[in-house]
Amino acid sequence: MDIEEFRKRGYETVDRICKYYQELENYEVLSKVEPGYLKKVLPKEAPEEPEPWENIQCDIETKIIPGITHWQSPNFFAFYPANSSFPSILGDMYSDMFNVIGFNWLSSPACTELESVVLDWMGKLVGLDQKFHSDGRGGGVIQGTASEATLVTLLAAKYRMLEEYKAKGADEEKLRTLSTRLIAYGSDQTHICLKKATMIANILFRALPTDDNFSLCGETVKQEMEKDITNGLIPFFIVGTIGTTNSAAIDKITDIVDAIKGTNVWLHIDAAYAGSALICPEYKYLLEGINQADSFDLNMHKGLLTNFDCSCLWIKERKYLINALSITPDILKNSVSESGMVLDFRDWQISLGRRFRALKIWFVIRTYGAKGLREHVMKTHKLANRFRSKIQQYPDLFIIPTTPNFGLVNFYVKSNDSLKNSNKLTEMVSNRLNESGKIYLTQTKMREQYIIRFAPGSPLTTEKHIDQAFELLLKITQEVTVNYN
Ligand code: PLP
């Protein structure tokens, strides 16, 4: 493809993207293809000869789109949202234009410096303490996902704890033995990425029980840590969540801070979903706890109109992360890095290479302004509240079992006789809703109760879509319950 063909095909592609977003509402949200559908229609071998662009473009329409679940649809209410925006898409286009691999400052100074600037902007919008900003001993960095953020902070925490023992005289062998006694904590509601991080790092992990609101309490942390210390273990890392995956529950962060006071336990806050809301004045009350943590992470790709992937991690003492992850072979040595005047983000993450993701954040924040981003967050929450008040109008049909937080609505279908029947009915309703193709939502199980989660977030969703989704839910629930009883 030469530059003139790229120009032509590029314009066509932008036109196609516009058409997609204009028509998105009409697509069935959940793809209906059977497993293995694509293998059946694609050649077994890579083409030996170049193919015309028209054929490739045509295959997007006929072979790829049928296998797409439309996450950007205004009728997508599953998981947590992963919204996109045009400024973000354009930011990614510029990133693809440069295609720099910004592992250290010298490999593309703008890539590193813009990332520091926009992460400081975002940190300030959230209300993070000065200590998390890059002009102190901390700073922000873009990770691919909240899972990666959890893994790298776990490694930083391990480094910090072992440093303490090293300072007391532990040699390498002793440190290896001590590593086997380290234990990390989350709650029974913490995202599984923590368990996975401990599996990767070969660290002991315990999920602590939550209270009636599915929140982790300080007292539980204190008691469980004391038990483990008595048994010779070394608590070193705990994840507090603001906005859990199942029910958007909020852990009692200030109490957890009190519970670990005086220890060297690292507190990481996972606000992958709900962190976006912290840019709004309504949620600033959560900052008291957050600002006492060691690290904090939110996914701009969930709630702040920034395309995947864009998880923003802030850390108070960057030296622990850098020391835990830094190895400098000769090929990467350079005088600027050695001067200590620059950040090399390769030392803040798992991989060496990294994309220029700061561009899309820069475009998004400047295009919408902080004001526009806050409006988007609050609009989403307003839509969720609209759906919830409709559910509440039918107390004989639906129960809302968890405290509503942020933009998530959890509910189940009521049954007068048993949990088993309620679960059955809820599952049937959930399946029928998704099979309809009109909307897509996900379900979960909390303490044996089957629950449907409703999480709006697409910028295209309006009150009309919420009302249509509820009407469909009501119709299907009435049909299912009549037939079942
Ligand atoms: N933490 C929470 C609270 C989440 O809800 C999720 C995903 O929804 C994650 C972590 C994992 O996110 P990621 O896909 O960015 O690793």
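- Where an unreviewed UniProt entry is consulted, the protein chain appears under the name Aromatic-L-amino-acid decarboxylase, with the organism given as Rhizophagus irregularis.
- As recorded by UniProt, the Cofactor (unreviewed entry) comment attached to the protein chain reads in full: "pyridoxal 5'-phosphate".

### Remarks on the environment of Gln-130
For step 1, the next point in the chain: Tracing the backbone shows Gln-130 in the loop between α5 (109-126) and β1 (139-143).
For step 2, the next point in the chain: Take Gln-130: its relative accessible area is 48%, and that puts it in the partly exposed class.
For step 3, the next point in the chain: Sequence-wise, Gln-130 and Gln-57 are 73 residues apart; in three dimensions their C-alpha atoms are separated by 49 Å.
For step 4, the next point in the chain: Of note is the side chain of Gln-130, whose polar atom sits 3.1 Å from the side chain of Asp-135.

### Digging into the pairing of strand β2 (residues 182-187)
For step 1, the next point in the chain: Most of β2 sits inside the fold, with six of its six residues counted as buried.
For step 2, the next point in the chain: Relative to strand β4 (residues 234-241), β2 runs parallel, the two sharing four bridges. The residue bridging Ala-184 from the neighbouring strand is Phe-237, located in β4.
For step 3, the next point in the chain: In terms of strand pairing, β2 meets strand β3 (residues 204-208) through five bridges, oriented parallel. Residue pairing across strands places Ser-187 opposite Leu-208, the latter belonging to β3.

### Structural notes on the packing of α5 against helix α15 (residues 358-392)
For step 1, the next point in the chain: Axis separation between α5 and α15 bottoms out at 10 Å; the angle between their running directions is 20 degrees. One way to sum up the angle between α5 and α15 is to call them roughly parallel. Judged by the sense of rotation from one axis to the other, the crossing of α5 with α15 is left-handed. Packed against α5, whose contacting residues are Leu-114, Glu-115, Val-118, Leu-119, Trp-121, Met-122 and Leu-125, the element α15 presents Ala-358, Leu-359, Ile-361, Trp-362, Ile-365, Arg-366, Ala-370 and Arg-374 at the interface.
For step 2, the next point in the chain: Each residue belonging to the contact of α5 with α15 can be placed in one class, and the counts come to twelve nonpolar, no polar and three charged.

### A short note on the UniProt feature "modified residue: N6-(pyridoxal phosphate)lysine" (unreviewed entry) in the protein chain
For step 1, the next point in the chain: UniProt's entry tags Lys-302 with the feature "modified residue: N6-(pyridoxal phosphate)lysine" (unreviewed entry), counted in the numbering of this structure.
For step 2, the next point in the chain: Position of Lys-302 relative to the elements: it lies in helix α12 (residues 300-303).
For step 3, the next point in the chain: For Lys-302, a relative accessible area of 18% gives the class buried.
For step 4, the next point in the chain: Not counting residues within four places of it along the chain, the set of residues in contact with Lys-302 comprises Tyr-80, Pro-81, Ala-82, Asn-83, Ala-272 and Tyr-273.

About the criteria used
Residues numbered from 1 in each chain as written. Predicted model: local features only at pLDDT ≥ 70, side-chain atom pairs only at ≥ 80, totals over all residues. Heavy atoms only, no water. UniProt positions renumbered as here; feature names shortened; annotations may be inferred. Helix = DSSP H or I, 4+ residues; strand = E, 2+ residues; numbered from the N terminus. Buried < 20%, exposed > 50% of the residue type's maximum accessible area, 1.4 Å probe, protein only. Polar contact = N/O pair within 3.5 Å; in protein donor to acceptor, adjacent residues only side chain to side chain. Pairing = 2+ DSSP bridges. Axes fitted to C-alpha atoms, helices over the stretch in contact; angles between N-to-C directions. Parallel < 35°, antiparallel > 145°, perpendicular 65-115°, else oblique. Left-handed = near helix turned anticlockwise from the far one by under 90°. Contact = heavy atoms within 4.5 Å. Nonpolar A, V, L, I, M, F, W, Y, C, P; charged D, E, K, R; others polar.

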